[in-house]
Amino acid sequence: MAQRIDIKGQRQDAITAACSVLAAKRPVAMPTETVYGLAADATDPAAITNIYTTKGRPRFNPLICHMADITMAERYAVFDPLSRKLASAFWPGPLTLVLPLKEDSGIHPLATAGLDTVGLRVPKGFAGELIRAYGRPLAAPSANTSGKISPTTADHVEADLGDKIELILDGGMASVGVESTIIKVEGETIRLLRPGGLAVDEIERLTGISVTRNAGASATIEAPGMLASHYAPESDIRLDAREIGTQEALIDFGQSEIKNRDSALVVLNLSPSGNLAEAAANLFSMMKQADASKARGIAVAPIPDHGLGEAINDRLRRAAAPR
Ligand code: TXA
Ligand code: MG
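What counts as what
The written sequence of each chain sets the order in which its residues are numbered from 1. In the order they appear in the text, chains get letters beginning with A and ligands get numbers beginning with 1. For a predicted model such as this one, the threshold for reporting local features is a pLDDT of at least 70, and the threshold for listing and counting side-chain atom pairs is 80 or more; totals across whole chains, interfaces and linings nevertheless cover every residue. Derived side-chain values reflect all non-hydrogen atoms in the structure, with water molecules and hydrogen atoms excluded from consideration. By convention a nonpolar core is built from buried Ala, Val, Leu, Ile, Met, Phe, Trp, Tyr and Cys residues, the set being connected through side-chain atoms within 4.5 Å. In this scheme, a residue with accessible area under 20% of its type's maximum is buried, one over 50% is exposed, and one in between is partly exposed, where area comes from a 1.4 Å probe on protein chains only. Numbering of helices and strands runs from the N terminus, with a helix taken as a DSSP run of H or I at least four residues long and a strand as a DSSP run of E at least two residues long. Contacts are residue-level and defined by heavy atoms, with any inter-residue pair within 4.5 Å sufficient. What qualifies as a polar contact is a pair of N or O atoms within 3.5 Å, subject to a donor-acceptor requirement within protein and to the restriction that residues adjacent in sequence count only when both atoms come from side chains. Salt bridge, as used here, is a side-chain nitrogen of Lys or Arg placed within 4 Å of a carboxyl oxygen of Asp or Glu. Domain start and end points were adopted from an automatic or database domain assignment. The quantity reported as buried area is the accessible area (1.4 Å probe) lost by two parts once they are put together, taken as the sum for both. Under the convention adopted here, Pro, Cys and the residues Ala, Val, Leu, Ile, Met, Phe, Trp and Tyr are nonpolar, Asp, Glu, Lys and Arg are charged, and Gly plus all remaining residues are polar.

Chemist: Requested: an account of the nonpolar core, with residues and values cited.
Modeler: By size, the foremost hydrophobic cluster in this structure holds 69 residues, and its most contacted members are L120, L130 and L169. Broken down by element, the residue count for this core peaks at seven residues, all from helix α1 (residues 11-23). Contact partners of L169, with chain neighbours within four places excluded, come to I5, I7, A14, A18, V28, A29, M30, P31, Y36, F126 and L130. Grouped together as the second largest cluster of nonpolar side chains are 29 residues, A249, L276, L308 and A319 included.

Chemist: Residues and numbers for the side chain of E248, please.
Modeler: For E248, the position within the fold is in strand β13 (residues 248-252). In this structure the side chain of E248 is engaged in a polar contact, spanning 2.7 Å, whose partner is the backbone nitrogen of G245. Contact partners of E248, with chain neighbours within four places excluded, come to R238, E243, A264, L265, V266, A295, G297 and A299.

Chemist: A description of the pattern of salt bridges should follow, citing residues and the corresponding values.
Modeler: Side chains bearing opposite charge may pair, as long as their charged atoms lie close to each other. Overall, the coordinates contain 19 salt bridges when judged by the stated rule. A salt bridge links K25 to D44; the nearest nitrogen and oxygen atoms lie 2.5 Å apart. Of the two residues, K25 is situated in the loop between α1 and β2 (28-30) and D44 in the loop between β3 (37-41) and α2 (45-55); the sequence distance between them amounts to 19 residues. A relative accessible area of 13% means that D44 is categorised as buried. Salt-bridge contacts for E33 lead to R121; the nearest nitrogen and oxygen are separated by 3.1 Å.

Chemist: Help me get a handle on the domain arrangement of the chain, residues and values and all.
Modeler: One can read the domain layout of the chain as domain 1 (3-213) and domain 2 (236-320). Just the C-alpha atoms count here: the centres of domain 1 and domain 2 sit 27 Å apart. With 23 residues of domain 1 at the interface, the matching set in domain 2 holds 15 residues. Together domain 1 and domain 2 conceal approximately 1,400 Å² of surface at their shared face, both sides included; 62% is due to carbon and sulfur atoms. When the buried surface of domain 1 facing domain 2 is broken down by residue, I149, V178 and P195 rank first, second and third, together holding 38% of it. For the interface between domain 1 and domain 2, the tally reads two salt bridges. In this structure, E179 engages R315 in a salt bridge whose closest nitrogen and oxygen atoms are separated by 2.8 Å. Linking domain 1 with domain 2 are four residue pairs in polar contact (both at pLDDT 80 or more), by the criterion used here. Each residue belonging to the side of domain 1 that touches domain 2 can be placed in one class, and the counts come to 11 nonpolar, eight polar and four charged.

Chemist: Explain unusual backbone geometry residue by residue, including any values.
Modeler: Cis geometry is found at the peptide bond from W91 to P92, where omega equals -10°. One can find P92 in the loop between α4 (81-90) and β5 (95-100). The backbone of D104 sits at a positive phi, close to 55°, despite the residue not being glycine. Relative to the helices and strands, D104 is located in the loop between β5 and α5 (109-112). One non-glycine residue, Q247, adopts positive backbone phi at about 60°. Within the fold, Q247 resides in the loop between β12 (236-238) and β13.

Structure representation (structure tokens):
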């Protein structure tokens, strides 16, 4: 069973223990502001292999490499002016930039699945401190079995991977709650590869450029991890629900008008006040709670598609996709 260290009470112990597990080429579950990551040394093939094996993740799906700051990131990838502007504005934070890999960067091809680009992110808070202490970039996918819902608490990580890893750093509930927004700059074009914890409007407001969204199939090729069916709960999920069916659980949002609300087996509300940031933070743990409730299905109230709603609806659609 994994050892658990609370980073609030024992920050220095957590960093020391994590550095020694990382140096032994084994993965560590670490909190980030988006979701918990399963981190390992991005320059070491054995360490990266251990991530893929622990998650049961297909090796064609590249990992995001996490950096302590922009200076460190510039050692590994080539920044165009627009990407640098985005990094300066939004790092540390829930934004991943896909950039050309520098020659001899030292990042192992297993981390990038052999691509000539790399996804880079500077996480906020403890994860950044850990990377600075360790001194090398950390490759980190979400700390869950491949295909399952990403963890937003240390309990989620322990329930899923507790038997397979040796160290879980507990940073409480992730503040953002959905994975980072992934973008790729091509000349004057900004392409959205995955909606996430940084709303697209914020990118557009900063740059004055309207972000290009990927359509269906091409998105799958660009961000190979974005398979249609993902975040798979056990129960069936039904989106844009206006009424409750027999034995269903309800994931509600704001003050919605849902018929037969009282007949729901459980009612959870992502944000009673209709706040999308709060809804994103609650999304994955409420999906897990609803899934554990033994309901016959999960009905989800309509959620606005603007701001962080875009990422919330993206994850819900993947959870509802046929498999
Ligand atoms: O918030 C997050 O991004 C979390 C935390 C731990 O940082 N990480 C995360 O990693 O969500 P993961 O592995 O679950 O998702 C990474 C996504 C995948 O869809 C992958 O295909 C894409 O990033 N990706 C990574 N490198 C890429 C590249 N060079 N080009 C295109 N897509 C890339
Ligand atoms: Mg993931």
